[in-house]
Every structure is written in structure tokens, then in C-alpha cells.
Amino acid sequence: MCLCIDWNPSATSLAVGLSDGSVSIISLLESQLSISRDWKAHDFELWAASFDIHQPQLVYTGSDDCKFSCWDLRDDPSNLAFQNRKVHTMGICCITKSPSDPYTLLTGCYDEHLRVWDVRSISKPVHETSISLGGGVWRIKHHPSVPNLVLAACMHNGFAVVKVKGDTAEVIETYNKHGSLAYGADWQRGLGRNGRGKNNVIATCSFYDQLLRVWIPEGDIPECDTVL
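Sequence positions are assigned chain by chain, starting from 1 and proceeding in written order. In view of the model being predicted, local features appear only for residues whose pLDDT reaches at least 70, and side-chain atom pairs are presented and counted only at 80 or more, with totals across whole chains, interfaces and linings using the full set of residues. With hydrogens and water excluded, all non-hydrogen atoms of the structure serve as input to the side-chain values.

1. Some thoughts on the environment of W7
For step 1, the next point in the chain: Relative to the assigned elements, W7 resides in strand 1 (residues 2-7).
For step 2, the next point in the chain: Burial classes follow relative accessibility: with a 1.4 Å probe on protein chains only, a residue under 20% of its type's maximum area counts as buried, one over 50% as exposed, and anything between as partly exposed. On the basis of relative accessibility, which here comes to 44%, the residue W7 falls in the partly exposed class.
For step 3, the next point in the chain: Through-space distance from the C-alpha of W7 to that of I53 is 9.3 Å; in sequence the pair is 46 residues apart.
For step 4, the next point in the chain: Any two residues whose heavy atoms approach within 4.5 Å at even a single point are treated as in contact. Ignoring sequence-local partners within four residues, the contact set of W7 consists of T12, S13, L14, L28 and F51. Numbering of helices and strands starts at the N terminus; helices are DSSP runs of H or I of at least 4 residues and strands are runs of E of at least 2.

In C-alpha cells, the structure reads:
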């Protein structure tokens, strides 16, 4: 079963995480899909597979085996760039690279923590900080134009807007108007009439009640002139 998917920055390949712990790299050429390589990456379900948007030869993966891994596609897939087995105490749900900082990467976990990593040394990333969001961190979405601002879907604890800067992370707003598992979340993207980013409109959805909500944070979130 395919559990997660991510485009590489040039939109020519896809990383797909599978329920048997494998990851597949799928090439797209002239509307044709083909498996360019696949390998057994983890012991259990692979919930997160993500290209590094600044170094697209790197693919990050996370799984129910609690292992946070990185693979270099220029090398044999069986040779890890790194693997951390100690920090996450439960399964890893999502991995995302900061679009504004080439050295910052975030992971979300069933253990309710959003973790911030410094991947300046790719062979040994540094776990800088973490913050408990009160529910399993299922999805993390960066704001399309405001650096260091992320939206998190926190499963049993609704949604959270988090400011991440350096080695600190702070919840600046929460949203709890869904009646079941908080699963899907994203910011509105695109340009407004004045060429700047649109208002901070958020769409969220939940599992059992099949509910979609569109809302605007009540707090003061700054606008940014440049869309990342």
C-alpha cells in the first residue's frame, strides 16, 4: 500500500513510501511513470518520504520503527547517509524541509512532538529543539510566504500554528473546531490583486466526521512581500 508521496523540486521524480517499509523512486518522463529504484528502507510502515528541496539527491524517510533516515540517491540505496534511532519515541508521521532555511528540517511524530533539526552536517544532523503539540503530529505545512511559520495537524488535539526560529519553537495559535482526528491541513497559496501573498487562510479536515473547514487565524500573522 502506498502511504505517502513527494515530488522532487524539478517535478521529474516522486518518492513513495510503502506499507512494507520500502521506498520507491518513480520517474516521470513524457507522461510515463517508471520505477527507477526501490529498496527496503524500514522495518514497518513508512509514513514519511520527502525529497530535500535544496539537495534533491537526498531523500528523508520515517517509519513506525521510530527511525529517521536519509538516503543519497547518488549512492547504493542500501548505504545510509544517516539514521537516527534514539530521538523519536514513537512512529514518525511526517518530514519537511524549510523552504527558507537550507539547514532546517522538521519532523512530526506520534509521540506528539514537533522536532527541529539542523542538517548542516548531513551525516550527523543535530536535534535542536522540540515542542509538544498535545497530539500526534500527522502533517506539517510551511506558510507559503512567511518564513519559519508552520501549520501542524495534531490528530487528537486539533491544529496548531507554530513559529520556529533557530533553536526555539512556539505555538502562537490553536484551532479545535473539528470533532475527530485532525489529519489534513494547508495554507491558501497564490497571489492577491496587489501581487502579495493572500490573507492567511487555512483549510483543515478531519477523519471520522468527514469535515472540511476554512478559517483565518485570529492572531496577528505578518504578511510577506515575497512568495517563497
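2. Side note on the UniProt feature "repeat: WD" (unreviewed entry) in the chain
For step 1, the next point in the chain: Here the UniProt-annotated "repeat: WD" (unreviewed entry) positions come out as residues 85-121.
For step 2, the next point in the chain: Segment residues 85-121 splits into 0% helix and 49% strand. End C-alpha atoms: 17 Å apart. UniProt positions are given in the numbering used here, feature names are shortened, and annotations may be inferred rather than shown by experiment.

3. Thoughts on the pattern of salt bridges
For step 1, the next point in the chain: Basic side-chain nitrogens of Lys or Arg form a salt bridge, by our definition, when they fall within 4 Å of a carboxyl oxygen of Asp or Glu. Taken as a whole, this structure holds six salt bridges when the rule is applied.
For step 2, the next point in the chain: D43 is the salt-bridge partner of K67, the closest N and O atoms lying 3.0 Å from each other. On the criterion of sequence distance, the pair formed by K67 in the loop between strand 6 (58-63) and strand 7 (68-72) and D43 in the loop between strand 4 (32-40) and strand 5 (46-51) is long-range, its members being 24 residues apart.
For step 3, the next point in the chain: Judged by relative accessible area, K67 falls into the buried class, the value being 14%.
For step 4, the next point in the chain: Taking relative accessible area as the criterion, D43 reaches 47% and is therefore assigned partly exposed.
For step 5, the next point in the chain: Of the charged contacts, one joins R74 and D72 as a salt bridge, the two residues approaching to 2.7 Å between their closest N and O atoms.
For step 6, the next point in the chain: Residue D72 is classed as buried on the basis of its relative accessible area of 15%.

4. Regarding the sheet that holds strand 10 (residues 104-109)
For step 1, the next point in the chain: With respect to topology, four strands assemble into an open sheet ordered 9-10-11-12, the strand pairing being antiparallel. Lying at the two open borders of the sheet, with one neighbouring strand each, are strand 9 (92-97) and strand 12 (126-132). Along the sheet, successive strands turn relative to each other by an average axial angle of 20 degrees, direction set aside.
For step 2, the next point in the chain: Only when DSSP finds a minimum of two bridges between them are two strands counted as paired. Relative to strand 12, strand 11 (residues 113-118) is paired through six bridges, and the arrangement is antiparallel. What sits directly across from D118, in strand 12, is V126. Note on geometry: axes are lines fitted to C-alpha atoms, helical ones only across the stretch in contact, with angles between N-to-C directions running from 0 to 180 degrees.

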